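Structure at a glance
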Amino acid sequence: MKISIVGGGPGGLYFAILTKKARPDWDIEVFEQNRPDDTFGFGVVFSDSSLDEYESRDQETYERMRAEFAYWDDIDIHYKGEYMKCRGNGFCGTSRVHLLEILQDRCRELGVELNFEERIEASEVTERFADSDLVLASDGIGSAIREANKGEDGFAVTTSTKSNRFCWMGSTRPLTDFTFFFKETEHGIICAHTYQYTKDMSTWIFEMTDECWQGHGFEEFDEPGSATLLQEVFKDELDGHPLILNRSNWRQFPRIFCNKWSVGKIAILGDAKASAHFSIGSGTKLAMDCAIGLHEAAIEHLESAGVDEVFTAYDKKRRVPVQITQHNADVSLAWFEHMQRSFDMDPYQFGMVIMCRAKSVTYDNLLLRDPEFVAKADTEWYQRYFEETGFDYRESRPTPMFTKYKLRDMLLRNRVVMSPMAQYSADEDGNLTDWHLAHYCGAARGGMALMFVEMTCPSPEARITLGCPGMWTDAHEQQWKRIVDFVHEHTNTKIAMQLGHSGRKGSTQLGWENADHPIVNDDQNWPLQSASPLAWFEGESQVPVEINRAGMDKVRDDFVQATERAERAGFDMLELHCAHGYLLASFLSPLTNSRDDEYGGSIKNRMRFPLEVFTAMRAAWPAQKPMSVRISACDWKEGGISEADTHAIAEAFRNAGCDLIDVSAGQTVPDQKPIYGRMFQAGFAEAIRNVSKMATMAVGAVTDAAQVNTILHTRRADLVALGRTHLWNPYVTRQAAAWYDIDTEYGDWEKQYEAGKVQAYSALRKAREQQLEWQLKARPKRHYIFRDD
């Protein structure tokens, strides 16, 4: 078999090493356009877990890499004159040129043919490698092969250029740890990402917003001028050492992802396939890990089944890990694009944000890595909380999720909320059934502070489905009152009603049928109205009527009567649903609002009717009781709600008397392209919390207590709503209290269940101790070589 590799980066070379070692009889050649000792940039970073994998693959390569590494266990953060250290991270750095030399030497030993200073044009790949069984495009972030095949019939490439400016430089300044230096300048914040990678050299990556970059007068290709200016800004941090240049031009990060990883017999690898922001140090690791996956697929399938089977196996093995890594990198990148939003924080809260910015590290992870760091962060957090609220947890420290929170006169016992989740179990007249009684009365015993009931409709035509509950009759009011009375009498959980109107997404089948599609029996469908006459599914869904002023008046009045009923039923809080493409959301999003009157066009106009409805509801709702609004902070489609729109919406509702923004995203249009991941919508809540300075509730793929504590500790939100987790485990809050061994004040169980509390605390305390012991044993080994130098 013959394999040709275009590009001599770490990923391509490592694939050649592993494959040639396994199959010495295969013909493997590498074509690199640069000289063997050319390299751009300075150091590369690996984690201990990465080295575990490399050690198991090729001991010779591993030992040579290991001998060149500079190691550090700690991350240092310098912020506003304060210095913080977080231990237990386990990283190492090495020179990129040394790494390439090691991989090149190992290739030669194994018989891989290396060709340097030989550029392969994309147009000649097919003819040049006609006799190759597999061609590997490993030609870097500017891959010519990728660009020549970037369409849907090729690699289906998606690219975007991020806003921050950055450049790579080196220095002789010695560093003992991976270190972040944050400098506040007259034009904005500059962050230096720094680490030692050889005995005498360290990498310095400078990053700032475009506004800061322009304010300082940097020029893209003026390397000496940039170095002079940065040496002045970071003169204390550099401690007399110079900055060293090596193609240190200013760039903006290109976010690249190939939706397809092969074209014909060409596979793509490394930065050519998927770029990962340098702030999580995973670019080289990603390339080498994917080289392992492709190597395994080639050994198993190339000779026996052919290249198509190789590429299928490669994709199956590596796509999810690549997407997770790239997502973490994207989240980290986004934080650095907006780092000024956290710059009013106390030092250790800022440090927690740095450590948890990518959401792959949580509060509990840090407790394991460095309990002293978390203890200092907690001390600071509880002191600030006491100063702001008067609630004193400075001694008991029950973790942030078990601190109280107050909205107007409503005092919540903790920060956990059960999200509103449709049950589709009402009868066809909107009446509640036994299911609702069992569901809500049972869930309220789970220990959460606040429980939302599902979106409830103020009129028959406001329903999404025939199974949606209503609040337009006396019977509805009494049915809800029965549930509210039970919750108040038997638990300390507060209960909130969410009111909403389906708009163009109404008259559809139940959620477990063909969701969002019209009811099968035409006689049961009802007329729809929306901001504009745009069907949900074009050609299939009903085209809604563009709502007129008379229709708006009726909708507003329907919401007011439902508000009055919710008050008489005894609800503690009320939420207006302005998200997910429903009627009021259809006014807010430019994707669903094409009006040319005073209710369309600018965000001020698009907000006009939702604000009118909210203002009328606020006037009918008691002043001592809080109100919230759920919004979609992003439509997951180009041309949708912008971040500036989101801030304008949040601030307008705040000025109208809203106490909390429930920050969701998407579901505005059926062809949305959401980016999922753990806590995937928390960044939207964080933006409103830190820019609009308004209380927020985070929601979206939050699944456990560690994530709740992370969100709260890093000021991403004030409350955290768990949805599906509460469906399968309504006792998640009680479980967390027992897990953290929180004092019984925070695990206030109903008296009927107190016998179970003792067992829960005992069992989960033991389970946590056993898990901690297991995690300590399972931590990656340290790959240090202790040397006199």
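Residues numbered from 1 in each chain as written. Predicted model: local features only at pLDDT ≥ 70, side-chain atom pairs only at ≥ 80, totals over all residues. Heavy atoms only, no water.

Position of S530 relative to the elements: it lies in strand β23 (residues 529-530). Judged by relative accessible area, S530 falls into the buried class, the value being 1%. In the structure, S530 is positioned 17 residues away from I547 in sequence and 5.7 Å away in space, judged by C-alpha atoms. Residues contacting S530, with those up to four places away along its chain left out, are R504, P544, V545, E546, I547, L583, S586 and R595. (Helix = DSSP H or I, 4+ residues; strand = E, 2+ residues; numbered from the N terminus. Buried < 20%, exposed > 50% of the residue type's maximum accessible area, 1.4 Å probe, protein only. Contact = heavy atoms within 4.5 Å.)

Moving on to the confidence of the model for the protein chain. Counting all residues, the mean pLDDT for the protein chain is 94, and 98% of those residues have values of 70 or more. Under a pLDDT of 50 for its full length, residues 785-789 has, in the predicted model, seven contacts with residues more than four places off or in other chains. (pLDDT = per-residue confidence, 0-100.)

In this structure the tally under the stated criterion is three cavities of 30 Å³ or more. Around the largest cavity sit C578, A585, L588, S589, I631, S632, D635, I641, I649 and T668, which together line it. Every element with two or more residues in the lining of the largest cavity is listed here: α18 (583-588) and β26 (627-632). Considered class by class, the residues forming the lining of the largest cavity number six nonpolar, three polar and one charged. (1 Å grid on protein atoms, 1.4 Å probe; cavity = no way out; pocket = protein on both sides within 12 Å on 5 of 7 lines; lining within 4 Å. Points joined across faces, edges and corners; volume = space filled by probe spheres on them. Nonpolar A, V, L, I, M, F, W, Y, C, P; charged D, E, K, R; others polar.)

At their nearest, the axes of helix α1 (residues 10-22) and helix α4 (residues 96-110) sit 9 Å apart, and the two run at 25 degrees to each other. In terms of orientation, α1 lies roughly parallel with respect to α4. The two elements α1 and α4 cross, and the hand of that crossing is left-handed. Where α1 approaches α4, its residues P10, L13, Y14, A16, I17, K20 and K21 are matched on the opposing element by R96, L99, L100, L103, Q104, R106, C107 and L110. Its residues placed into classes, the contact of α1 with α4 shows 10 nonpolar, one polar and four charged. (Axes fitted to C-alpha atoms, helices over the stretch in contact; angles between N-to-C directions. Parallel < 35°, antiparallel > 145°, perpendicular 65-115°, else oblique. Left-handed = near helix turned anticlockwise from the far one by under 90°.)

Of all six residues in strand β25 (residues 573-578), six are buried; the element is thus mostly enclosed. On β25, burial covers both faces: M573, E575 and H577 on one face and L574, L576 and C578 on the other are all buried. In this structure, strand β22 (residues 494-499) lies alongside β25, joined through four bridges in parallel fashion. Looking across to β25, one finds that A496 is bridged to M573. As paired elements, β25 and β26 share five bridges and run parallel to each other. In the sheet register, E575 faces β26, and the bridge partner there is S628. (Pairing = 2+ DSSP bridges.)

Attention now moves to the nonpolar core. I77, F182, W480, F571 and I661 are the most contacted members of the largest nonpolar core, which totals 124 residues. What F571 contacts, discounting residues up to four positions off in sequence, is V453, M471, W480, V484, I495, A496, M497, A566, W621 and K625. In this structure, I17, I120, I256 and V310 belong to the second largest nonpolar core, which totals 65 residues. (Core = buried A, V, L, I, M, F, W, Y, C linked by side-chain atoms within 4.5 Å.)

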